[in-house]
Amino acid sequence: MPVRDPRDHSRTERGKTFSLVKKHTLPPNDQGGWMAETREFLESSAYRTLSTNARRALDRLKIEHIGHGRTHNGKLIVTHDQFISYGVTPEYVGDALDELAFKGLLKITRGRAGNGTAHPNVFRLTFDGDYEGAPATNEWKRCTDDDAKRWVETVREQRKIQRASVGRKTKPSLCNPEVRPLRIPEIRVAAGVR
């Protein structure tokens, strides 16, 4: 703590200005909600190296989390269209979510679709407590600069290939007009074979 010079008549240490600074730097009391982020989190490799689309996707998830009063973490549902309307490039929504999961900022419980009923993806932010009262898991602390570099160089492309192949059924091409014969004809050679 700095030593106060008695000749210094500024009121920044414990006077009126100090109390105003404290008053105006407290979290807001309004109904809009708020969310605190630590300096360690903001300076981490996981957060600093996020792509633009991943940063927008994370911001959209934080908005959803704040919208539920920070009590539904682990049950957050944000649709593909909501990510797009917030500014995430449509073809990079999956890439942004994979990046957030790889860097430990997000846990995704993958949904599925079928029989007319859609089960959406469910998200949990790892830097805040969940809906059951468990504390933050802070998995983003494990992400190093080398991991972030590895994401850019190799893992992003691997995940892209994996996303393209998961759940896709291979169908026969309709472009091949050749119909295979039911029986394979016998091939007779004229020279000595009957």
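This section reports on the structure supplied with the text. (Residues numbered from 1 in each chain as written. Predicted model: local features only at pLDDT ≥ 70, side-chain atom pairs only at ≥ 80, totals over all residues. Heavy atoms only, no water.)

Remarks on unusual backbone geometry
With phi around 60°, Arg70 is a residue other than glycine that occupies positive phi space. For Arg70, the position within the fold is in the loop between helix H4 (52-67) and helix H5 (80-86). Residue Asn138 is not a glycine yet carries a positive backbone phi of 50°. Position of Asn138 relative to the elements: it lies in the loop between strand E4 (122-125) and helix H7 (145-165). (Helix = DSSP H or I, 4+ residues; strand = E, 2+ residues; numbered from the N terminus.)

What about the packing of H4 against helix H6 (residues 93-102)?
Running from N to C, H4 and H6 point in directions that differ by 80°, and their axes come no closer than 8 Å. Between H4 and H6, the crossing angle belongs to the class labelled roughly perpendicular. In this structure, H4 contributes Asn53, Ala54, Ala57, Leu58 and Leu61 to the contact, and H6 contributes Ala96, Leu97, Glu99 and Leu100. Here the residues of the contact of H4 with H6 sort into seven nonpolar, one polar and one charged. (Axes fitted to C-alpha atoms, helices over the stretch in contact; angles between N-to-C directions. Parallel < 35°, antiparallel > 145°, perpendicular 65-115°, else oblique. Contact = heavy atoms within 4.5 Å. Nonpolar A, V, L, I, M, F, W, Y, C, P; charged D, E, K, R; others polar.)

Comments concerning the side chain of Lys103
Looking at where Lys103 falls in the secondary structure, it is placed in the loop between H6 and strand E1 (106-109). Overall, Lys103 belongs to the buried group, its relative accessible area being 1%. Here the side chain of Lys103 touches Thr49 through a polar contact of 2.9 Å, landing on its backbone oxygen. Apart from residues lying up to four places away in sequence, Lys103 is in contact with Ala46, Thr49, Leu50, Glu139, Trp140, Cys143, Ala148 and Trp151. (Buried < 20%, exposed > 50% of the residue type's maximum accessible area, 1.4 Å probe, protein only. Polar contact = N/O pair within 3.5 Å; in protein donor to acceptor, adjacent residues only side chain to side chain.)

Considering H6
Summarising burial for H6: eight of the ten residues are buried, a large majority. For H6, the set of buried residues is Val93, Asp95, Ala96, Leu97, Asp98, Glu99, Leu100 and Phe102. On its buried side, H6 packs onto H4, H5, E1, E4 and H7.

What to know about the nonpolar core
Leu61, Phe83, Leu100, Leu105 and Phe123 are the most contacted members of the largest nonpolar core, which totals 25 residues. Not counting the four nearest positions on each side in its chain, Phe123 is found in contact with Leu61, Asn73, Gly74, Lys75, Leu76, Val78, Phe83, Leu97, Leu106, Lys107 and Ile108. (Core = buried A, V, L, I, M, F, W, Y, C linked by side-chain atoms within 4.5 Å.)

Description of H7
Helix length check: H7, at 21 residues, gives a terminal C-alpha distance of 29 Å against a target of 30 Å (1.5 Å per residue), a fit within 8%. The largest bend along H7 measures about 55° and falls at Trp151. Of the surrounding elements, those touching the buried residues of H7 are H6. (Expected span 1.5 Å × (residues − 1). Bend = angle between axes of the 7 residues up to and from the residue.)

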